[in-house]
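Listed here are the chains, written in short residue letters.
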Amino acid sequence: MERYTFSYPATANHGLRRALAGVVGSGDLEVLLEPAPSGDTLVTVSTALAGTEQIWWRVLERVFAETAWPPVRLDIHDFGASPGVIRLRLEQALAASRKIGGNDERC
């Protein structure tokens, strides 16, 4: 199991709530999103695939360049997800965190 940490400046200022998207399983991943009081967006990736840090860096660089993110903490548990699935789960977690009603949202 490898663990990578990335940090990105927050580029939005709206309140979010906790959210969960996806499940850890063959070829998939889970994204846990928690609001941060201020500062940057911190991403921690735990993956079963060795030597994938550059792939994660490239995918996350693109996602954070194209989408405004408020300060949050993202914990990602990966089991071999493709870049397309990574992007989808991040977008699902962000969308779920903006929904009204309840304390938590699961996708």
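Residues numbered from 1 in each chain as written. Predicted model: local features only at pLDDT ≥ 70, side-chain atom pairs only at ≥ 80, totals over all residues. Heavy atoms only, no water.

**Q** Is there a simple way to explain the environment of L16 in this structure?
**A** Position of L16 relative to the elements: it lies in the loop between β1 (2-8) and β2 (19-22). Setting aside residues up to four positions removed in sequence, L16 forms contacts with L33, P35, P70, V72, L94, S97 and R98. (Helix = DSSP H or I, 4+ residues; strand = E, 2+ residues; numbered from the N terminus. Contact = heavy atoms within 4.5 Å.)

**Q** Can you help me understand the side chain of S46 in this one?
**A** Looking at the secondary structure, you find S46 in strand β4 (residues 41-47). For S46, a relative accessible area of 12% gives the class buried. Within the local environment of S46, its side chain forms a polar contact with the side chain of R3, the two groups lying 3.2 Å apart. Apart from residues lying up to four places away in sequence, S46 is in contact with M1, E2, R3, I76, H77 and D78. (Buried < 20%, exposed > 50% of the residue type's maximum accessible area, 1.4 Å probe, protein only. Polar contact = N/O pair within 3.5 Å; in protein donor to acceptor, adjacent residues only side chain to side chain.)

**Q** Help me understand the pairing of strand β5 (residues 72-78) in this model?
**A** Consecutive side chains of a regular strand alternate in pointing toward one face of the sheet and then the other. Of all seven residues in β5, five are buried; the element is thus mostly enclosed. With six bridges connecting them, β4 and β5 associate as parallel partners. Within the sheet, the bridge partner assigned to V43 lies in β5 and is L74. Remark: the β4/helix α1 (residues 53-66)/β5 crossover connection has left-handed handedness. (Pairing = 2+ DSSP bridges. Right-handed = clockwise from strand over helix to strand, strands pointing away.)

**Q** So what exactly am I meant to see when it comes to the pattern of salt bridges here?
**A** A side chain of one charge can pair with a side chain of the opposite charge when the charged atoms of the two come close. Following the criterion strictly, the structure yields five salt bridges and no others. Across the salt bridge formed by R89 and D28, the nearest N and O atoms sit 3.1 Å from each other. One end of the pair, R89, is in helix α2 (residues 83-98); the other, D28, is in the loop between β2 and β3 (29-35), and 61 residues separate them in sequence. D28 carries the same exposure label as R89, and that label is buried. The partner of D75 in a salt bridge is R73, with the nearest N and O atoms 3.0 Å apart. On the accessibility criterion, D75 (14% relative accessible area) is buried. In this structure R73 comes out as partly exposed when scored by relative accessible area, which is 37%. In this structure, a network of salt bridges that share partners links the residues E34, R73 and D75. (Salt bridge = Lys/Arg side-chain N within 4 Å of Asp/Glu carboxyl O.)

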